[in-house]
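Spelled out from the first residue to the last, the chains are:
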Amino acid sequence: MIDAHSEGTTFCFGEGVHRIGRAIRPTKGSTLASGEGAVLSGAVALTGWVRDGGLWVVRGVLPAAYKLKGQCEDLATKPCQVGEQVFADGKHLTRVMSRDAVRAGTFFGDYAANAVYVADDPRGSRLEMSRTNTAIEVSASDVTVRGLTIEHFASKPQGGALQVGHGWKVSGNDVRWNHAVGIMVIDGDGAEVRRNTVADNGQLGIGQYRSAGVRIVENLVTRNNTDGFWIADWESGGIKSTRSSGEVSGNDIVANRGIGMWSDIAEYDRRIVANRIRDNAADGIRYEISYQATIEQNVVEGNGFGTGRGSGPSLWDGGGINVNTSAGVRVVGNLVRGNRNGISIQSRTRGEGPRGRYVLRDVVVEGNQVMMDGGTASTGVVENKGSPTGEGSVDFRRNSYRIGDRSAQRFAFKGATLTWAEWQAAGFDADSVSS
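Residues numbered from 1 in each chain as written. Predicted model: local features only at pLDDT ≥ 70, side-chain atom pairs only at ≥ 80, totals over all residues. Heavy atoms only, no water.

A closer look at the overall build of the protein
Working step 1: When its secondary structure is counted, the protein shows one helix and 47 strands.
Working step 2: Here the protein has a C-alpha radius of gyration of 23 Å; the compact-globule value for 435 residues is 22 Å, and the two agree.
Working step 3: Its C-alpha atoms give the protein principal-axis dimensions of about 75 × 55 × 35 Å.
Working step 4: Of all 435 residues assigned to the protein, the portion counted as buried reaches 57%.
Working step 5: Total accessible area computed for the protein in this model is approximately 16900 Å², and 48% of it derives from carbon and sulfur atoms. (Helix = DSSP H or I, 4+ residues; strand = E, 2+ residues; numbered from the N terminus. Rg over C-alpha atoms; globule rule 2.2 N^0.38 Å. Buried < 20%, exposed > 50% of the residue type's maximum accessible area, 1.4 Å probe, protein only. Areas by Shrake-Rupley, 256 points an atom, 1.4 Å probe, with all protein chains shown as cover.)

Okay, structure coming up:
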């Protein structure tokens, strides 16, 4: 139907489940929308189950083996790399990596034998398997996507179930239970992603790549990374953007198994403003090897307490706000409360970028309220050997800290842990207060 109509047409999806066997490719200026709760599903029904020993099996439903990618928490079996998920009456089953490991609530996909095994009796239940990679892909500019539920797509790692292109407007959708990224903006200058619920996706809620002036505003991004991607350092969690610019504001970024909001690699003119970022497994906000950013008026609380590779209590690990080897960053007027650490400023040796060498320079931390009276919380500047940090590169001023015991070493600089008095003596926060 889409192919048969002219550009600028509005297509209305009726109530019910629409099973998508190949990606929808909208035309320029068109609208894909629903006011009736339409569901776009990338899953196929699994029928024809038979007993096989103590398990149940269905055969002939898996795709041919394909190239795998992605960093998993489990480095041995790498379960996150395979995209086909199984759902029983809408409940996501946990993948295991051998037939012998199958238990209640799990499944095993044997790609060599083209067989799917479960332990629970499938009779009387609705079992489905995600199979199609993408619901809607970028094929034209200025497309609107509104009011759809997009679920159960076997999106590839770093790939989105819903792709967003140049000038797209994506609003009021529920994007959930897809294998990799829920919404992926790619080459999408000027796009807007507004007031969507992006939840329970296997890797990441919202991604942005090589897209300027994008607005990601007023979304609920929660419980993403259900499929075991690396929590600390491989694009898992809430929102990640690379080589892009724009605004991330007014979002609720909650309980993602990874970083809440992550700008990484040659970001520029980025505004991260007035978000509520809480209970994410790694950093609340990470701004890494990038340029020119404002991180302002966010509430950042309860982040950084996840476990896994790269997790821990040092300033190199999880915390509230992390500025890593970036230049021209203002961290202003945020509430940073009860995180694994407070504000971590990091300098590493990271090479060259499109706007010059990646270096920690011209970072201002001002007017923040930082509460870190927990047992492991600290704030400070850490450097690796040979990193290009210059004196005066970081300015802490007019902040307010709650540290509890003033004799506690809750600050760090030049490889040493410091008390409040020692931190001030080192040249930081001369006009700030603590309690």
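Comments concerning the side chain of asparagine 225
Working step 1: Summarising the element assignment, asparagine 225 is placed in the loop between strand 24 (220-222) and strand 25 (237-242).
Working step 2: For asparagine 225, a relative accessible area of 1% translates into the label buried.
Working step 3: Here phenylalanine 229 takes part through its backbone nitrogen, which lies 2.9 Å from a polar atom of the side chain of asparagine 225.
Working step 4: When residues no more than four places from it in sequence are discounted, the contact partners of asparagine 225 are Asn201, Gly202, Gln203, Ile231, Ser236, Gly237 and Arg257. (Polar contact = N/O pair within 3.5 Å; in protein donor to acceptor, adjacent residues only side chain to side chain. Contact = heavy atoms within 4.5 Å.)

Points about the sheet that holds strand 43 (residues 394-397)
Across a sheet, strands are paired by hydrogen bonds formed along the backbone, either parallel or antiparallel in direction.
Working step 1: With parallel pairing, twelve strands are arranged side by side in an open sheet as 1-3-14-17-20-23-26-29-32-35-40-43. In this open sheet, the two edge strands, each paired with only one partner strand, are strand 1 (10-12) and strand 43. Between one strand axis and the next, the sheet turns through 5° on average, direction left out of account.
Working step 2: Here three bridges tie strand 17 (residues 169-171) to strand 20 (residues 192-194), and the two strands are oriented parallel to one another. Directly across from valine 170, in strand 20, lies its bridge partner valine 193. (Pairing = 2+ DSSP bridges. Axes fitted to C-alpha atoms, helices over the stretch in contact; angles between N-to-C directions.)

A word on the pattern of salt bridges
Working step 1: For the coordinates displayed, the defined rule picks out 31 salt bridges.
Working step 2: A salt bridge links lysine 240 to aspartate 264; the shortest N-O distance between them is 3.2 Å. Placement of the pair is lysine 240 in strand 25 and aspartate 264 in strand 28 (residues 259-264), with a sequence separation of 24 residues. The pair formed by lysine 240 and aspartate 264 is uniform in burial state, with each residue classed as buried.
Working step 3: The shortest N-O distance in the salt bridge between arginine 350 and glutamate 288 comes to 2.9 Å. Note that arginine 350 is positioned in the loop between strand 37 (343-347) and strand 38 (352-353) and glutamate 288 in strand 31 (residues 285-288), a separation of 62 residues in sequence.
Working step 4: The exposure class assigned to arginine 350 is partly exposed, which follows from its relative accessible area of 31%.
Working step 5: Judged by its relative accessible area of 7%, glutamate 288 falls in the buried class.
Working step 6: Put simply, Glu192, Arg194, Arg195, Arg215, Glu218 and Glu247 are held in one network by salt bridges that share partners. (Salt bridge = Lys/Arg side-chain N within 4 Å of Asp/Glu carboxyl O.)

Section: the packing of aromatic side chains
Working step 1: Here the structure, examined in full by the defined rule, presents 13 aromatic pairs.
Working step 2: For the pair phenylalanine 87 and tryptophan 177, a centre-to-centre distance of 6.3 Å together with 75° between the ring planes defines the contact as edge-to-face. Note that phenylalanine 87 is positioned in strand 8 (residues 86-88) and tryptophan 177 in the loop between strand 18 (174-176) and strand 19 (181-186), a separation of 90 residues in sequence.
Working step 3: Here phenylalanine 411 and tryptophan 423 contribute two aromatic rings whose centre-to-centre distance is 5.1 Å and whose plane-to-plane angle is 20°, an arrangement assigned as stacked. Residue phenylalanine 411 is located in strand 45 (residues 411-413), and its partner tryptophan 423 is located in helix 1 (residues 420-425); the two are separated by twelve residues in the primary sequence.
Working step 4: Classification of tryptophan 423 as buried rests on a relative accessible area of 0%.
Working step 5: Aromatic ring contacts, followed pair by pair, group Phe396, Tyr401, Phe411, Phe413, Trp420, Trp423 and Phe428 into a single cluster.
Working step 6: Between arginine 309 and the ring centre of tryptophan 230, over which it is positioned, the NZ or CZ distance is 3.9 Å.
Working step 7: One residue, arginine 355, lies across the ring of tyrosine 268, its end atom 4.1 Å from the ring centre. (Phe/Tyr/Trp six-rings, centres within 6.5 Å; stacked < 30°, edge-to-face > 60°. Lys NZ or Arg CZ within 6 Å of the ring centre and 35° of its normal.)

What to know about the pairing of strand 13 (residues 127-130)
Working step 1: Neither face of strand 13 is exposed, since Leu127 and Met129 on one face and Glu128 and Ser130 on the opposite face are all buried.
Working step 2: Here three bridges tie strand 8 to strand 13, and the two strands are oriented antiparallel to one another. From the neighbouring strand, phenylalanine 87 faces strand 13, where its bridge partner is glutamate 128.

Digging into the environment of alanine 140
Working step 1: Examined against the element boundaries, alanine 140 turns out to sit in the loop between strand 13 and strand 14 (144-146).
Working step 2: Judged by its relative accessible area of 19%, alanine 140 is buried.
Working step 3: Sequence separation between alanine 140 and glycine 237 is 97 residues; the distance between their C-alpha atoms is 28 Å.
Working step 4: Sequence-distant contacts of alanine 140, that is, excluding residues within four places in its chain, are made with Pro26, Thr27, Lys28 and Trp168.

Examining the nonpolar core
Working step 1: By size, the foremost hydrophobic cluster in this structure holds 65 residues, and its most contacted members are Ile136, Ile150 and Ile345.
Working step 2: For this core, the element with the most residues is strand 16 (residues 160-164), which contributes three residues.
Working step 3: The contacts of isoleucine 345, once residues within four sequence positions are left out, are Val323, Leu360, Val363, Val365, Gly380, Val381, Val382, Val394 and Phe396.
Working step 4: Grouped together as the second largest cluster of nonpolar side chains are 13 residues, Leu46, Val61, Val86 and Met129 included. (Core = buried A, V, L, I, M, F, W, Y, C linked by side-chain atoms within 4.5 Å.)

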